[in-house]
Amino acid sequence: MHPERTREQAGLLDGIPRQRPTAPERTADVAPEGGGITRTPVTAAAGPEPAAGPGVRACLRRAAGLVPTPVGTPFTFGYTLLLLLTSLYMEFGDPDTVRTLLEGSSTDVQHLTRTPVLVLVASALWIAGGISSPWAVGFVFVLTALERRVGGLRAAGVFLLGHVVATLVTEVPVGVSVAAGQLPDSSLHRLDYGISFGLMASVGALAGLLPPLLRWPMLGVMAVLLTQDLLDMADPLASWGHPTALVVGVVCWPVLRRAARPGGGPSAVADGQLGPYGP
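Thresholds, definitions, all that
- Residues numbered from 1 in each chain as written.
- Predicted model: local features only at pLDDT ≥ 70, side-chain atom pairs only at ≥ 80, totals over all residues.
- Heavy atoms only, no water.
- Helix = DSSP H or I, 4+ residues; strand = E, 2+ residues; numbered from the N terminus.
- Buried < 20%, exposed > 50% of the residue type's maximum accessible area, 1.4 Å probe, protein only.
- Contact = heavy atoms within 4.5 Å.
- Areas by Shrake-Rupley, 256 points an atom, 1.4 Å probe, with all protein chains shown as cover.
- Salt bridge = Lys/Arg side-chain N within 4 Å of Asp/Glu carboxyl O.

Chemist: Tell me about the overall build of the protein chain, and please be specific about residues and values.
Modeler: Looking only at helices and strands, the protein chain has 11 helices and two strands in total. Listed by position from the N terminus, the elements making up the protein chain come as β-β-α-α-α-α-α-α-α-α-α-α-α. With 279 residues in all, the protein chain has 35% of them scored as buried. Residue pairs in contact within the protein chain that sit at least 24 positions apart in sequence constitute 65% of those at least 6 positions apart. Here the protein chain has roughly 17100 Å² of accessible surface; of this, 66% comes from carbon and sulfur atoms.

Structure, rendered in structure tokens:
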């Protein structure tokens, strides 16, 4: 101790008790050329950069949940790969062969009366407009979200139910009208394929599993778009088939809500309280 050392030299302030001096500066002895020892300050090594916060990790997990994976959403993942392959073949394959395959997969009245099961399945293997179509983008996000909430089997069931019901609702009247002489025989042969009916049913089903603040705006937007299609009537069968498929998905709400919560009781998904489906 050196009593002659002033408080200013010690780095202390007058009138403030129980002050501790600052830690002494760490130095290292360096021997320069020519002899002698020089003391140089040593700076502390910087610590590791802080890891991403929980908010960033949560955002990344949510973003990853929007796309299908082979483990989390096997139905959507496998179906997406299959549609990708058929879309690439539609784009780069032999045009005559592609035309033949599409005609054989068409769910027109002629094919439905001869090979109904075959064409109902085959028609859902193609995307009208190809892989760049809005239907393709909507398929990935909607089916992924639906499967994460209710599982692969139920998501596949909703998709297939909407596809089949909407197809029959639109094609059966055509056959009846042709038989009654109100439409020409050429109406029995038309190119009709794609995933739009199944996708619309999935949209309707998914809406019932979302919080009300998302559910009703989503259904409102779909209602406006479908009404515009009905007014334009560019493709009468598709214009009527899409709202039919949407209603099919809405009808599935009670079943899906019970299925999304183990036990079969009232589901919390109706209030937006239930997250992704867990077996």
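Chemist: Quick one: what's the story with the pattern of salt bridges, residue by residue and with numbers?
Modeler: Applying the stated criterion across every chain, the model contains four salt bridges. A salt bridge links Glu 171 to Arg 190, with the shortest nitrogen-to-oxygen separation between them at 3.3 Å. A residue pair is termed long-range when its members are at least 10 positions apart, and Glu 171 in helix H7 (residues 152-179) and Arg 190 in the loop between H7 and helix H8 (196-207) qualify at 19 residues. For Glu 171, a relative accessible area of 1% puts it in the buried group. Residue classification places Arg 190 among the partly exposed positions, given a relative accessible area of 23%. Across the pair Asp 192 and Arg 190 runs a salt bridge whose closest N-O atoms are separated by 3.3 Å.

Geometry only, nothing functional implied.
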